[in-house]
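Residues per chain, in single letters:
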Amino acid sequence: MAKITAGVGSSHVPLLGVAVDQGKTQDDYFGPIFAGYEWTREWEKTEKPDVIVLVYNDHASAFDMKIVPTFAIGTGAHYKPADEGWGPRQVPDVEGHPDLAWHIAQSLILDDFDMTIINEMDVDHGLTVPLSMMFGTPDKWPAKIIPLAVNVVTYPVPSGNRCWALGEAIKRAVESFPEDLNVQIWGTGGMSHQLQGPRAGLLNREWDNKFLDLLVGDSQEARAIPHIEYLRETGSEGIEMVMWLIMRGALGKTTKCLHRHYHIPCSNTAIGHIVLEPAD
Ligand code: DHB
Ligand code: FE
């Protein structure tokens, strides 16, 4: 049986990809940020996940205003890094797991989550930056990736509670796959940041850390945080944090924290990172 063994939350700031690609991860600006991922890079070497369900959002790379899927699952065999204006990142292509992805798609849809199915797309910094943070610069990513894209760009975006419920359904889907697979689920984006308008540059250390606290234990309170609170407290792009609730919902009733890191600022964003284990 496949099993979700751990959850990882992480910001996905594009500048971190630039730091990796230009060899600047140890300089004064980036050093303290990457130091907070060192524990996880070592841990992943021993965990060796077979597959990662990587919850992220596309930033007008694969989708635009022509099509806005609320929840989409990648069922393809591989995905190329997207060109976000500076040419595609020179990182390995992402390998999918079509068998598990189609199984999850079927299970979710029959469980009343109307997923969009994507066989072909390029993946942007929302997906490749967390891979770089957790795995460094390998020739080949050490796990197969099932991209799970969430619309957090164009309103209406899904509620935190709906994201949590999707996470629960992903857990049921994974656990009904007959092959023995070590599966992790990652939730990316956040933490507080606003890239536009009069409040551009907003960061909220206190609120972000309260959110990280909430992800540990039974976390039920996190499901009820309304959109307006993310917007008010964490800026327009802080809404990306609802994706972390898909990860949290997939870990079951209660969790234990294995590692946690917070750093302000990186570009316009508060960097948050957490590693959780189911503790039922
Ligand atoms: C930044 C952060 C993001 O989450 C993003 O998607 C794009 C840019 C930033 O802080 O620069
Ligand atoms: Fe983003």
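Residues numbered from 1 in each chain as written. Chains lettered and ligands numbered in written order. Predicted model: local features only at pLDDT ≥ 70, side-chain atom pairs only at ≥ 80, totals over all residues. Heavy atoms only, no water.

- Under an unreviewed UniProt entry, the name given to the protein is Protocatechuate 3,4-dioxygenase, and the source organism is Novosphingobium umbonatum.

Describing the overall build of the protein
Then, in step 1: Tallying secondary structure elements over the protein gives 9 helices and 11 strands in all.
Then, in step 2: Judged by the C-alpha coordinates and their principal axes, the protein covers about 45 × 40 × 40 Å.
Then, in step 3: Across the 280 residues of the protein, 57% fall into the buried class.
Then, in step 4: Sequence separation of at least 24 residues holds for 81% of the intrachain contacts in the protein that already meet a minimum separation of 6.
Then, in step 5: When the accessible surface of the protein is totalled, it reaches about 11700 Å², and 53% of it is carbon and sulfur.
Then, in step 6: Charged side chains in the protein number 22 positive and 37 negative. The centres of these two groups are separated by 4 Å. (Helix = DSSP H or I, 4+ residues; strand = E, 2+ residues; numbered from the N terminus. Buried < 20%, exposed > 50% of the residue type's maximum accessible area, 1.4 Å probe, protein only. Contact = heavy atoms within 4.5 Å. Areas by Shrake-Rupley, 256 points an atom, 1.4 Å probe, with all protein chains shown as cover. Lys, Arg positive; Asp, Glu negative; His and termini not counted. Charge placed at Lys NZ, Arg CZ, Asp CG, Glu CD.)

Structural notes on the site of ligand 1
Then, in step 1: As a structural note, the neighbourhood of ligand 1 is formed by His12, Val13, Pro14, His59, His125, His193, Leu195, Glu240, Cys266, Ser267, Asn268 and Thr269.
Then, in step 2: Residue glutamate 240 places a side-chain N or O atom 3.4 Å away from an oxygen atom belonging to ligand 1.
Then, in step 3: Within the complex, the protein chains bury 90% of what would otherwise be the 290 Å² of accessible surface of ligand 1.
Then, in step 4: Of the residues assigned to the shell around ligand 1, the class counts are 4 nonpolar, 7 polar and 1 charged. (Near = heavy atom within 4 Å. Polar contact = N/O pair within 3.5 Å; in protein donor to acceptor, adjacent residues only side chain to side chain. Nonpolar A, V, L, I, M, F, W, Y, C, P; charged D, E, K, R; others polar.)

As for the pattern of salt bridges
Then, in step 1: For the structure shown, the criterion picks out 12 salt bridges.
Then, in step 2: For glutamate 95, the salt bridge identified is with lysine 144, shortest N-O distance 3.9 Å. Taken together, the residues glutamate 95 in strand E5 (residues 94-95) and lysine 144 in strand E8 (residues 144-150) connect sequence positions 49 residues apart.
Then, in step 3: We classify glutamate 95 as partly exposed; its relative accessible area is 32%.
Then, in step 4: Ionic contacts of the salt-bridge type, sharing partners, join the residues Glu95, Lys140 and Lys144 into one network. (Salt bridge = Lys/Arg side-chain N within 4 Å of Asp/Glu carboxyl O.)

Concerning the coordination of the iron ion (ligand 2)
Then, in step 1: Coordination of the iron ion (ligand 2) by the protein comes from His12 (NE2), His59 (NE2) and Glu240 (OE), over a distance range of 2.0 to 2.2 Å.
Then, in step 2: Sequence spacing of the donor residues for the iron ion (ligand 2), all on one chain, is H-x46-H-x180-E. With histidine 12 in the loop between strand E1 (3-10) and helix H1 (14-21) and histidine 59 in the loop between strand E2 (51-56) and strand E3 (71-74), this residue pair connects regions lying 47 residues apart in the sequence.
Then, in step 3: For histidine 59, a relative accessible area of 26% translates into the label partly exposed. (Donors = N, O, S within 2.8 Å, 3.2 Å for Na, K, Ca; no water.)

Remarks on the confidence of the model for the protein
Then, in step 1: Confidence in the prediction of the protein, expressed as mean pLDDT, is 98, and 100% of residues score 70 or more.
Then, in step 2: This prediction of the complex comes with two scores: 0.98 for pTM and 0.98 for ipTM. (pLDDT = per-residue confidence, 0-100.)

Details of the nonpolar core
Then, in step 1: Ile185 and Phe211 are the most contacted members of the largest nonpolar core, which totals 54 residues.
Then, in step 2: Per element, the largest residue contribution to this core is 8 residues, and it comes from helix H5 (residues 160-175).
Then, in step 3: In this structure isoleucine 185 touches Ile4, Ala6, Gly7, Val8, Val53, Val55, Ile170, Ile246, Met247, Ala250 and Leu251, once residues within four positions along its chain are discounted.
Then, in step 4: Counting residues in hydrophobic clusters, the runner-up holds 36 residues, among them Leu54, Ala72, Val123 and Ile145. (Core = buried A, V, L, I, M, F, W, Y, C linked by side-chain atoms within 4.5 Å.)

Re a negative patch on the surface
Then, in step 1: Taken together, Asp50, Asp99, Glu179 and Asp180 make up a surface patch of like negative charges.
Then, in step 2: As for its position among the elements, aspartate 180 is in the loop between H5 and strand E9 (182-188). (Patch = residues over 30% accessible without salt bridge, like charges linked within 9 Å, V, L, I, M, F, W, Y side chains within 5 Å.)

Brief notes about the sheet that holds E5
Then, in step 1: Strand order in this open sheet of 3 strands is E5-E4-E7, and the pairing throughout is mixed. Either end of the sheet is taken by a strand with one partner, and the two such strands are E5 and strand E7 (122-123).
Then, in step 2: Pairing between strand E4 (residues 78-81) and E7: 2 bridges, direction parallel. Paired with proline 81 across the two strands is valine 123, which belongs to E7. (Pairing = 2+ DSSP bridges.)

Overview of the environment of lysine 253
Then, in step 1: Position of lysine 253 relative to the elements: it lies in the loop between helix H9 (242-249) and strand E10 (255-266).
Then, in step 2: Accessibility expressed as a relative area gives 68% for lysine 253, which makes it exposed.
Then, in step 3: Separated by 85 residues in sequence, lysine 253 and glutamate 168 have C-alpha atoms that sit 9.6 Å apart.
Then, in step 4: Ignoring anything within four residues of it in the chain, the contact list for lysine 253 reads Gly217, Asp218, Arg248 and Asp280.

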